[in-house]
There are 2 protein chains.
Amino acid sequence: MTETPEERAPAATGPAALPMRVPAPGLPSRVRIHEVGPRDGLQNERAVVPTEVKAEFVHRLAAAGLTTIEATSLVRPEWVPQLADAERLYPLLGDLTGVELPVLVPNERGLDRAIALGVRRIAVFGSATESFARRNLNRSVDESLAMFAPVVERARAEGIAVRGYLSMCFGDPWEGPVPAGQVVSVARGLYGLGCTELSLGDTIGVATPGQVRALLTALGAAGVPLSALAVHFHDTYGQALANTLAALEHGVTTVDASAGGLGGCPYARSATGNLATEDLVWMLRGLGIETGVDLAGLAATSVWLAGRLGRPSPSRTVRALNPED
Amino acid sequence: MTETPEERAPAATGPAALPMRVPAPGLPSRVRIHEVGPRDGLQNERAVVPTEVKAEFVHRLAAAGLTTIEATSLVRPEWVPQLADAERLYPLLGDLTGVELPVLVPNERGLDRAIALGVRRIAVFGSATESFARRNLNRSVDESLAMFAPVVERARAEGIAVRGYLSMCFGDPWEGPVPAGQVVSVARGLYGLGCTELSLGDTIGVATPGQVRALLTALGAAGVPLSALAVHFHDTYGQALANTLAALEHGVTTVDASAGGLGGCPYARSATGNLATEDLVWMLRGLGIETGVDLAGLAATSVWLAGRLGRPSPSRTVRALNPED
């Protein structure tokens, strides 16, 4: 009797490397994954990744079945040097059909650049808290909504769909816990401007499932339709997938994730950033929820990118499927 | 606008380093954590930990509020050299009052040793699959139950409570997915022998929430009471906490976890073993579920032990609470 069975167990490879499909009642039959690795993930990498590698990353993600891939950001190049190559990257993705390639746009200047590139979907980046709005956007929450208003209006006039990110929806490093009512207020503001999708971000990863349900319930009561909501969890405290399950149980069908768990957090050396797309897909596949994603192809993409970045993927599923990684 | 807020955010320390309490309907008000770090965690460590360090580990866990701490194993010393010091360790824990200190016992010889030590709780280690029973116990599932029968009977005659571990309840590295009916059959066998608690182990970490619910439902239908069930998840694919949430929603109130996520898995270099007690406590505390555990004290214990083991804790919560770790 060894009690250390794993030492002699075969590696999980091939068709066996998938969870058993056992649906749970009351969950959606299909989930759309909004892949944020190329933008939200890479922007936290210090070493600038070559444009060609980024283009190959997006192509590989699309080949693995992801249909919404946030490609880059049109902020001022000096603010996020990693994504300063947006004008060179975006045209390299023009051959991808059937794939949405949203781009982050901070203001009207960014929108001008997006329109010039032929972008069909953009995202604006708001905050649920005054502290983060001040620090990240250098203005109050109301002032940031005023800044977004003409962006959303002009985008819609151009037929461009707009997602609104809402960061610090559950906790804020300066303010502590964030009341649901405060999030609802900003969410209604963004929705009222014309954003057709709101991504509720747990930027510092502190949320737990009851808080997720309470916020979703409050948003519903305030008239924000469930179909307009996405959830965006970080795994800083290991809660991302449990929170995702709570959101699915509430009826959310759009989930943000980052291939390989890309996306750093200085609290916890490289290991805990965005929810890893692979960990999400493992759960969804086990639950019988369709995503269209080929898990093996996606994990191989993350292993490939980890090699380019020079460090292992923090995704547990990626590591489990690639024990030599 | 940086979109990299974490770079300038203050570290989460002090009283703020706790989740907001937002209960969710239908969950238990209290959960008993069965801490397995000193046994299930340490047995996977190659370098033998000094007995005095193990004793201090258990004392620190108790001081952090854990009330059930699986202390060691009475297998043959040559099989698990790390735990060969059980006879020296257990007496060092005699001053702990109000703390249950179960000990793993493989057979009647182990029970003799347990009785000699004055152990009041033991655990036997069974398998839901034939493949793992053969490899780990060198006998069939039925033969292993026959081996446990006199152990459980004699233990009960001595007033010693017996937990039955059921490993490979969801997937098996040789057999693939494990049908719920097969688990139910072995669970009924162990329960029928007189085990008062059954720990359902996802030894290779492949389970997803629907499979957890289906197994718990099947066990209930077969007459195994919910109060006798514990869940034991591994985080190999990052699913442990989501699966725990599903089990809590079903009504389970005993959850196994390992301080700091101690417990290796060769599929995934040191990073993915047992569910980390800290990650579990973060979620339970956020959900308003009482555990009696002081999260800061527990995380400090895991940081201390990680220092003794010479490598960082794989727990995301431990890392987040100790950014210098």
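Our structure is the block above this text.
Please read all numbers here as calculations on a predicted model, not as lab measurements. (Residues numbered from 1 in each chain as written. Chains lettered and ligands numbered in written order. Predicted model: local features only at pLDDT ≥ 70, side-chain atom pairs only at ≥ 80, totals over all residues. Heavy atoms only, no water.)

(A) Focus on the overall build of chain A. Along chain A, the regular secondary structure elements total 12 helices and 11 strands. Projecting the C-alpha coordinates of chain A onto the three principal axes gives extents of approximately 65 × 45 × 35 Å. Taken over 325 residues, chain A has a buried fraction of 63%. Contacts spanning at least 24 positions in sequence make up 77% of the contacts within chain A whose residues lie at least 6 apart. Working note: accessible area of chain A is about 10,800 Å², and carbon and sulfur atoms make up 52% of it. Taking the average place of the 28 positive charges on the side chains of chain A and the average place of its 34 negative ones, the gap between the two points comes to 2 Å. (Helix = DSSP H or I, 4+ residues; strand = E, 2+ residues; numbered from the N terminus. Buried < 20%, exposed > 50% of the residue type's maximum accessible area, 1.4 Å probe, protein only. Contact = heavy atoms within 4.5 Å. Areas by Shrake-Rupley, 256 points an atom, 1.4 Å probe, with all protein chains shown as cover. Lys, Arg positive; Asp, Glu negative; His and termini not counted. Charge placed at Lys NZ, Arg CZ, Asp CG, Glu CD.)

(B) Structural view of the sheet that holds strand β9 (residues 197-202) of chain A. Residues and elements named next belong to chain A. Spatially, nine strands are ordered β2-β1-β11-β10-β9-β6-β5-β4-β3 in an open sheet, and the strand pairing comes out parallel. Looking along the sheet, the strands with just one partner apiece sit at the ends: β2 (68-69) and β3 (72-73). Inspection of the sheet shows strand β6 (residues 161-167) paired to β9 by four bridges, in the parallel sense. Within β9, the residue paired with Leu-166 across the bridge is Leu-200. (Pairing = 2+ DSSP bridges.)

(C) Fine view of the pairing of β9 of chain A. Of all six residues in β9 of chain A, six are buried; the element is thus mostly enclosed. At this point the chain moves from β9 of chain A, through helix α8 (residues 209-221) of chain A, to the parallel strand β10 (residues 229-233) of chain A, and the crossover so formed is right-handed. (Right-handed = clockwise from strand over helix to strand, strands pointing away.)

(D) Expanded view of a negative patch on the surface. Together, Glu-130, Asp-142, Glu-143 and Glu-175 of chain A give the surface a local cluster of negative charge. Note on placement: Asp-142 of chain A falls in helix α6 (residues 141-157). (Patch = residues over 30% accessible without salt bridge, like charges linked within 9 Å, V, L, I, M, F, W, Y side chains within 5 Å. Salt bridge = Lys/Arg side-chain N within 4 Å of Asp/Glu carboxyl O.)

(E) Region of interest: the pattern of salt bridges. Applying the stated rule across the entire model yields 35 salt bridges over all chains. Salt-bridge contacts for Arg-316 of chain A lead to Asp-235 of chain B; the nearest nitrogen and oxygen are separated by 2.6 Å. Of this pair, Arg-316 of chain A sits in helix α12 (residues 316-321) while Asp-235 of chain B sits in the loop between β10 (229-233) and α9 (240-250), which puts the two residues in different chains. Residue Arg-316 of chain A is classed as buried on the basis of its relative accessible area, which comes to 7%. Given a relative accessible area of 9%, Asp-235 of chain B falls into the buried group. A salt bridge links Arg-213 of chain B to Glu-249 of chain B, with the shortest nitrogen-to-oxygen separation between them at 2.6 Å. In this pair, Arg-213 of chain B sits in helix α8 (residues 209-221) while Glu-249 of chain B sits in helix α9, placing the two residues 36 residues apart along the sequence. Residue class for Arg-213 of chain B comes out buried when judged on its relative accessible area of 14%.

(F) Summary view of unusual backbone geometry. Residue and element names in this part refer to chain B. For Asn-138, which is not glycine, the phi dihedral falls at a positive 60°. By the secondary structure assignment, Asn-138 is in the loop between α5 (130-137) and α6 (141-157). Take Asn-138: its relative accessible area is 64%, and that puts it in the exposed class. Residues other than glycine seldom take positive phi values, yet Met-168 does so here, at roughly 60°. Among the secondary structure elements, Met-168 is positioned in the loop between β6 (161-167) and β7 (171-172).

(G) Representation of the packing of helix α4 (residues 108-117) of chain B against α6 of chain B in the model. All names here are of chain B. At their nearest, the axes of α4 and α6 sit 9 Å apart, and the two run at 20° to each other. As summarised for this structure, α4 and α6 are arranged roughly parallel, according to the angle between their axes. Of the two elements, α4 crosses α6, and the hand of that crossing is right-handed. From α4, Glu-108, Leu-111, Asp-112 and Ile-115 reach across to α6, where they touch Pro-150, Val-151, Arg-154 and Ala-155. (Axes fitted to C-alpha atoms, helices over the stretch in contact; angles between N-to-C directions. Parallel < 35°, antiparallel > 145°, perpendicular 65-115°, else oblique. Left-handed = near helix turned anticlockwise from the far one by under 90°.)

(H) Here's a closer look at helix α7 (residues 180-193) of chain B. Residue and element names in this part refer to chain B. Compared with the 20 Å implied by 1.5 Å per residue over 14 residues, the 20 Å span of α7 between its first and last C-alpha is a close match. For α7, the set of buried residues is Val-183, Val-184, Val-186, Ala-187 and Leu-190. Buried residues along α7 sit in contact with β5 (121-127), α6, β6, β9 (197-202) and α8. Count one or two residues on from α7 and you reach Gly-194, which has phi positive near 120°. (Expected span 1.5 Å × (residues − 1).)

(I) Spatial organisation of the environment of Glu-78 of chain A. All names here are of chain A. Note that Glu-78 resides in the loop between β3 and α3 (86-89). Residues Glu-78 and Ala-161 lie 83 residues apart in sequence; the distance between their C-alpha atoms is 26 Å. Engagement of the side chain of Glu-78 in a polar contact is seen with the side chain of Arg-76, the distance being 2.8 Å. (Polar contact = N/O pair within 3.5 Å; in protein donor to acceptor, adjacent residues only side chain to side chain.)

(J) Quick look at the packing of α7 of chain B against α8 of chain B. Residues and elements named next belong to chain B. Two numbers describe how α7 lies on α8: the axes approach to 9 Å, and their chain directions differ by 45°. The angle between the axes of α7 and α8 places the two elements in the oblique class. Note that α7 runs across α8; the crossing there is right-handed. In contact with Ala-180, Val-183, Val-184 and Ala-187 of α7, α8 contributes Leu-215, Ala-218 and Leu-219. For the contact of α7 with α8, the residue count by class is seven nonpolar, no polar and no charged. (Nonpolar A, V, L, I, M, F, W, Y, C, P; charged D, E, K, R; others polar.)

(K) Seen up close, the packing of aromatic side chains. The full count for this structure, using the stated rule, is six aromatic pairs over all chains. Seen in terms of ring centroids, Phe-170 of chain A and Phe-233 of chain A are 6.1 Å apart; in terms of plane orientation they differ by 40°. Their pairing is tilted. With Phe-170 of chain A in the loop between β6 and β7 (171-172) and Phe-233 of chain A in strand β10, the pair connects residues that are 63 residues apart, well separated along the chain. A cation over a ring is seen here: Arg-39 of chain B above Tyr-165 of chain B, with NZ or CZ 5.2 Å from the ring centre. Lying over the aromatic face of Trp-79 of chain B, Arg-76 of chain B brings its terminal NZ or CZ to 4.6 Å of the ring centre. (Phe/Tyr/Trp six-rings, centres within 6.5 Å; stacked < 30°, edge-to-face > 60°. Lys NZ or Arg CZ within 6 Å of the ring centre and 35° of its normal.)

(L) Broad picture of α6 of chain B. Residues and elements named next belong to chain B. Spanning 17 residues, α6 covers 24 Å between terminal C-alpha atoms, matching the ideal 24 Å at 1.5 Å per step. Where α6 bends most, the angle comes to about 30°, and this point is Phe-148, followed within four residues by the proline Pro-150. Among all positions of α6, only Val-141, Ser-144, Leu-145, Met-147, Phe-148, Val-151, Val-152 and Ala-155 are buried. Contact partners of the buried residues in α6: α4, β5, α5, β6 and α7. (Bend = angle between axes of the 7 residues up to and from the residue.)

(M) Geometry of the nonpolar core. Ile-122 of chain A together with Ile-122 of chain B are the most contacted members of the largest nonpolar core, which has 208 residues in total. Excluding anything up to four places from it in sequence, Ile-122 of chain A contacts Val-103, Val-105, Leu-111, Ala-114, Val-151, Ala-155, Ile-160, Ala-161, Val-162 and Arg-163 of chain A. (Core = buried A, V, L, I, M, F, W, Y, C linked by side-chain atoms within 4.5 Å.)

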